[in-house]
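Chain residues, written in single-letter form:
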Amino acid sequence: MKNQIVTTQRILLFILGFTWISGFGQLSFGDAQKINDGWKFNLADTPDAKNVAFDDAQWQGVDLPHDWSIKGQLSPTLASATGYLPGGIGWYRKTLNVPAAQKGQKVYVYFEGVYNRSEVFVNGQSVGKRPNGYISFAYDVTPFIKYGEDNIISVKVDHSKSADSRWYTGSGIYRNVWVVYANPVHIAQWGVYAYPTVTKGKGVLNVEVEVENGSSSKQSLTVVNELIAPDGKSVAKSTEKLSATANKNQKVTTTLKVSNPKLWDLNSPNLYTLKTTVLKDGKQIDVSAVKTGFRTFTFDPNKGFALNGKWQKVKGVCLHHDAGVLGSAVPKDVWRGRLKTLKEIGVTAIRTSHNPQAPEFYELCDELGLLVLNEAYDEWEYPKRKWLEGWNYGTPGYEGSFDIFADWAEKDLEDFVRRDRNHLSVFAWSIGNEVDYPNDPYSHPVLAGTTATGFTQAQYGGYKKDAPDAMRLGAIAKRLVAAVKKYDKSRPTTAGLAGVAMSNETEYPGALDITGYNYTESKYGSDHKKYPNRVIYGSENVHDIEPWLAVTNNEHIFGQFLWTGIDYLGESGRWPSRGFYSGLVDFAGRIKPRGYFRQSLWSDKPMVYIGTYIAPADEKKPSKDAWPIWNYDNGKTVRVVAYTNGAKVRLDLNGKTVDEVKNYDKNVGIITWDIPYTAGKLEAVALDANNKEVARYAITSSTQPVSLSVKEKSVTIDKQKGIAQIMVDVLDKDGLPVILSDNEITCTISGPAKLLGLEAGNNSDMTDYTDNVQRAFNGHLLAYLQSTGQGGTVTVTFSSQWLKPVTVTVNIK
């Protein structure tokens with residue numbers, strides 16, 4: 001794919017309904033059931049817990065997904081890298097009754113993700129180990145099952161290397177778990193693979209179906225593939241015969257042709273359904289219903305990226321997998337809200353930093369119309385620095401996942417690709433992030449500084465001859481790229497390079513199809529000239545306008561990925577610090593000022609926002625982080641900043657225009673005024689080039705807080721683990737938000753629901769997050785409630801000393 005225009009035309013899928021629903025890709029076994037409820041948990045190493053007769057009566061009852069770290073106590077004695085939260089060793093147990101009617105069927109247990117170093121036992125027998133905490137895996141437990149009886153599933157999770165990551169990972173069975181009953185002859189795990197070509201209005205869906213014959217005899221089968229359009233009409237169908245050899249997997253291929261298919265894109269994510277049926281003697285023995293859609297993409301070293309033939313800049317963000325107080329066990333509805341907020345800002349792509357996300361995450365990106373750069377690794381064969389006392393402070397640790405790389409790298413990567421290759425949203429595979437960071441751990445003579453290489457000074461502390469040789473990077477990259485292409489040649493491979501100057505001396509960039517540059521915008525031009533066939537983009541960038549101008553001013557740079565889209569736990573500063581606070585959106589899912597600044601650059605919808613602050617005398621450029629506060633000492637000079645995509649902005653104070661209307665400068669991105677403070681209403685009015693109003697935004701001086709408020713006093717959720725997200729605001733006597741308030745708020749619940757957590761978005765609040773009390777931050781507090789499986793009415797009351805309380809009714813149906 002290198003040294004030429006890379007054009008990929010692809011149709012991808014995700015499973016619904018009765019298939020291996022949200023994690024098994026294309027594989028269906030007739031009856032897939034979540035087994036998330038009714039587990040027992042103990043945070044201690046109890047090896048005897050694998051035994052059937054073990055007494056777990058005193059263990060804690062938990063439902064999955066479950067992250068035990070987030071329920072721990074924050075402590076400055078723990079590693080800042082993982083958010084000052086604990087790891088440890090934990091055991092889970094569940095009683096699973098397998099009906100006698102299932103005798104003759106195969107039984108599989110599927111885990112979407114267990115962090116980390118897990119071992120699974122069934123009725124006392126070990127069925128497998130999986131050290132990678134982000135990879136989905138399944139075990140055939142048929143030989144160990146007792147039909148018509150209770151069976152004991154035991155899972156050991158070993159996160160005793162609790163500082164093994166540069167960010168918060170969580171601990172435990174933090175994603176869904178399934179049991180699947182299957183005919184011995186069925187579609188293989190992740191066994192349906194489909195991709196299209198689209199030419200002049202004609203679409204061809206190429207389908208590959210892998211069938212596993214787990215029986216001891218040869219089987220004569222019929223495989224039927226049918227494509228159903230968004231309107232429910234069947235538009236293509238094919239039937240193939242397959243002679244399946246005993247105890248082997250075999251594949252059958254076919255094509256489905258469609259005229260004028262509706263394309264999937266960012267604004268109209270049109271989805272088809274691919275139904276795959278396996279028949280024996282005319283009787284259905286397996287079926288898979290898969291959502292799918294047509295789209296094409298093109299990567300060009302000179303023109304960048306095109307989706308469905310439309311050249312565009314990718315407006316991306318990097319995302320870790322936690323959600324503040326929820327840790328790594330994040331419900332799908334929470335991710336839905338977060339991704340919709342990012343789309344509102346103007347985000348078009350997500351980089352899964354730096355590991356595979358939960359299967360539900362990709363389903364949402366398919367449904368909402370978001371591209372995904374899917375990433376697998378943050379370290380390879382050697383460990384990186386893990387900061388223990390604060391980011392870039394003190395003496396680092398060196399725990400990590402490097403010790404499993406030799407044995408598991410290709411296997412994990414292959415499973416990663418096979419699981420996600422049918423998701424429409426995925427447009428590239430990343431094999432690593434900053435594995436080439438100079439001297440962490442690899443080094444190269446170029447870092448010493450020589451005139452031959454163009455460097456006149458030592459870089460990154462100079463060349464360290466005793467460090468691992470950076471020339472190894474190329475060989476490893478080639479191995480990983482081969483593992484990706486073994487199961488998907490339709491998308492480009494990539495990586496986020498931290499030490500581009502060093503890596504250019506190796507074969508690493510040349511092993512990739514497209515090359516990500518982390519924070520090295522200065523090399524966009526020179527490397528384009530030196531490597532004219534290299535497709536370049538910003539794989540990690542800061543929020544300032546200059547890196548974005550480096551994208552818009554260079555046609556060959558196809559986009560950027562901001563660090564980050566949402567605040568995340570871990571990679572914390574010195575205590576007190578929960579995590580990294582660089583997101584467009586905070587822990588509570590609210591857009592921060594820099595999110596509105598980015599919206600002014602990325603959104604097509606007319607907008608304007610104003611924030612204020614006291615500008616320091618030595619300020620070099622206006623802030624992108626100005627909060628919407630209008631409370632200062634009378635007469636104090638206040639800097640007002642406006643973020644807008646309008647042509648100009650008028651500033652009004654108490655109905656009167658302040659100063660002159662100011663024009664927007666795309667090279668600055670921020671309009672400023674310095675005015676004396678006067679209490680009242682400050683309002684920005686965005687105008688187009690013809691002075692017509694297109695948007696407005698106002699902030700008002702508030703007084704003392706007097707009450708709590710919610711936007712909706714009645715909400716309805718599903719009784720099966722439905723999620724209510726209730727945002728509480730602190731108001732003054734006039735009903736205005738008090739942005740500066742930090743009142744302590746208590747949440748009490750009556751009815752069939754439980755509190756998952758309270759999140760205000762305050763990065764420096766290190767108090768107890770496991771109870772029902774939390775301080776507001778910027779005048780807000782978010783409560784997560786989950787139904788417990790019963791219908792009824794839940795009364796939720798939020799109260800705070802000296803403030804009028806508010807009550808919310810949650811209807812569970």
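Refer to the structure above for everything that follows.
Every value quoted in this text rests on a predicted model; they were computed, and no experiment measured them.

A. Main features of the overall build of the protein. Scanning the protein for helices and strands turns up nine helices and 46 strands. In summary, the protein has a C-alpha radius of gyration of 28 Å against a globular reference of 28 Å for 813 residues, a match within 12%. Counting only C-alpha atoms, the protein reaches 90 × 70 × 60 Å along its principal axes. Per-residue burial over the protein gives 60% buried out of 813 residues. Once local pairs closer than 6 in sequence are excluded, the contacts in the protein between residues at least 24 apart make up 69%. When the accessible surface of the protein is summed, it comes to about 30,900 Å², and 48% of that surface belongs to carbon and sulfur atoms. The average position of the 92 basic charges and that of the 87 acidic charges among the side chains of the protein differ by 5 Å.

B. Examining the sheet that holds strand β34 (residues 656-663) more closely. The four strands lie next to each other as β34-β33-β36-β37, forming an open sheet whose pairing is antiparallel. The sheet terminates laterally at β34 and β37 (693-700), the two strands that pair on one side only. Neighbour-to-neighbour, the strand axes of the sheet open up by a mean angle of 15 degrees, direction not taken into account. The pairing of strand β36 (residues 681-687) with β37 spans seven bridges and is classified as antiparallel. In the strand pairing of β37, Leu-687 is matched with Glu-693.

C. Expanded view of the nonpolar core. Judged by nonpolar contacts, the single largest core of 90 residues is most densely connected at Leu-339, Leu-342, Trp-380 and Ile-431. Sort the elements by how many residues they give to this core and helix α4 (residues 472-487) lands first, with seven residues. In contact with Leu-339, other than residues within four places in its own chain, are Leu-319, Ile-350, Phe-361, Leu-364, Cys-365, Leu-368 and Leu-370. Phe-41, Val-114, Phe-137 and Val-179 belong to the second largest nonpolar core, which has 28 residues in total.

D. Highlighting the pairing of β36. Across the seven residues of β36, six count as buried, placing the element largely inside the fold. As defined by bridge partners, strand β33 (residues 648-653) adjoins β36 across six bridges and the pair is classed as antiparallel. Across the sheet, Asp-652 pairs through a bridge with Glu-683, a residue of β36.

E. A look at the environment of Thr-716. Tracing the chain through its elements places Thr-716 in strand β39 (residues 714-717). Residue classification places Thr-716 among the exposed positions, given a relative accessible area of 51%. With 36 residues separating them along the chain, Thr-716 and Pro-752 place their C-alpha atoms 13 Å apart. In contact with Thr-716, not counting residues within four places along its chain, are Asn-811 and Lys-813.

F. Seen up close, the sheet that holds strand β24 (residues 426-433). The sheet built from eight strands closes into a barrel, its strands ordered β21-β22-β23-β24-β25-β26-β27-β28 with parallel pairing. Taking the axes of each pair of neighbouring strands and ignoring which way they run, one obtains an average angle of 25 degrees across the sheet. Sheet topology note: the strand β27 (residues 535-541)/strand β28 (residues 557-562) ladder contains three bridges and is parallel. Within β28, the residue paired with Ile-536 across the bridge is Ile-557. Sitting on the sheet, helix α1 (residues 332-345) touches β21 (314-319) and β22 (349-352), and the angle it makes with β21 is about 145 degrees. Each of β23 (371-375) and β24 is contacted by helix α3 (residues 405-420), which is oriented at about 165 degrees to β24, the strand it contacts most.

G. Broad picture of α3. Between its terminal C-alpha atoms α3 stretches 21 Å, which fits the 22 Å expected from 16 residues at 1.5 Å a residue. Taken residue by residue, α3 has Phe-405, Ala-409, Asp-412, Leu-413, Glu-414, Asp-415, Phe-416, Val-417, Arg-418, Arg-419 and Asp-420 as its buried positions.

H. A look at unusual backbone geometry. Of note, the amide linkage connecting Leu-64 to Pro-65 takes the cis form, showing an omega dihedral of -5 degrees. By the secondary structure assignment, Pro-65 is in the loop between β4 (60-62) and β5 (88-98). Between Ser-353 and His-354 the backbone carries a cis peptide bond, its omega angle lying at -10 degrees. Structurally, His-354 is set in the loop between β22 and α2 (359-368). Even without being a glycine, Asn-308 presents a positive backbone phi close to 55 degrees.

I. Geometry of the packing of aromatic side chains. Under the defined criterion, the tally for this structure stands at 39 aromatic pairs. Ring centres of Phe-297 and Phe-299 lie 5.7 Å apart, and the angle between their planes is 70 degrees; this geometry places the pair in the edge-to-face category. Given a relative accessible area of 0%, Phe-297 falls into the buried group. Accessibility expressed as a relative area gives 0% for Phe-299, which makes it buried. With a centroid separation of 6.0 Å and an interplanar angle of 45 degrees, the aromatic rings of Phe-305 and Phe-558 are classed as tilted. Of this pair, Phe-305 sits in strand β19 (residues 304-307) while Phe-558 sits in strand β28; the two residues are 253 residues apart in sequence, bridging distant segments of the chain. Exposure remark for Phe-305: the relative accessible area of 0% places this residue in the buried category. The ring of Tyr-531 carries Arg-534 above its face, with NZ or CZ at 4.0 Å from the centroid.

J. Examining the pattern of salt bridges more closely. The tally for this structure, following the rule as stated, stands at 44 salt bridges. Between Asp-378 and Lys-384 there is a salt bridge, with its nearest N and O atoms 3.1 Å apart. Just as Asp-378 is buried, Lys-384 falls in that class too. Where Lys-733 meets Asp-734, a salt bridge forms, and the shortest distance between an N and an O atom there is 3.3 Å. Considered together, Lys-733 and Asp-734 belong to a single accessibility category, that of exposed residues. Where salt bridges share partners, they join Arg-130, Lys-411, Asp-412, Asp-415 and Arg-418 into one cluster.

Thresholds, definitions, all that
Residues numbered from 1 in each chain as written. Predicted model: local features only at pLDDT ≥ 70, side-chain atom pairs only at ≥ 80, totals over all residues. Heavy atoms only, no water. Helix = DSSP H or I, 4+ residues; strand = E, 2+ residues; numbered from the N terminus. Rg over C-alpha atoms; globule rule 2.2 N^0.38 Å. Buried < 20%, exposed > 50% of the residue type's maximum accessible area, 1.4 Å probe, protein only. Contact = heavy atoms within 4.5 Å. Areas by Shrake-Rupley, 256 points an atom, 1.4 Å probe, with all protein chains shown as cover. Lys, Arg positive; Asp, Glu negative; His and termini not counted. Charge placed at Lys NZ, Arg CZ, Asp CG, Glu CD. Pairing = 2+ DSSP bridges. Axes fitted to C-alpha atoms, helices over the stretch in contact; angles between N-to-C directions. Core = buried A, V, L, I, M, F, W, Y, C linked by side-chain atoms within 4.5 Å. Expected span 1.5 Å × (residues − 1). Phe/Tyr/Trp six-rings, centres within 6.5 Å; stacked < 30°, edge-to-face > 60°. Lys NZ or Arg CZ within 6 Å of the ring centre and 35° of its normal. Salt bridge = Lys/Arg side-chain N within 4 Å of Asp/Glu carboxyl O.

Take it as geometry only, folks, not as evidence of what the structure does.
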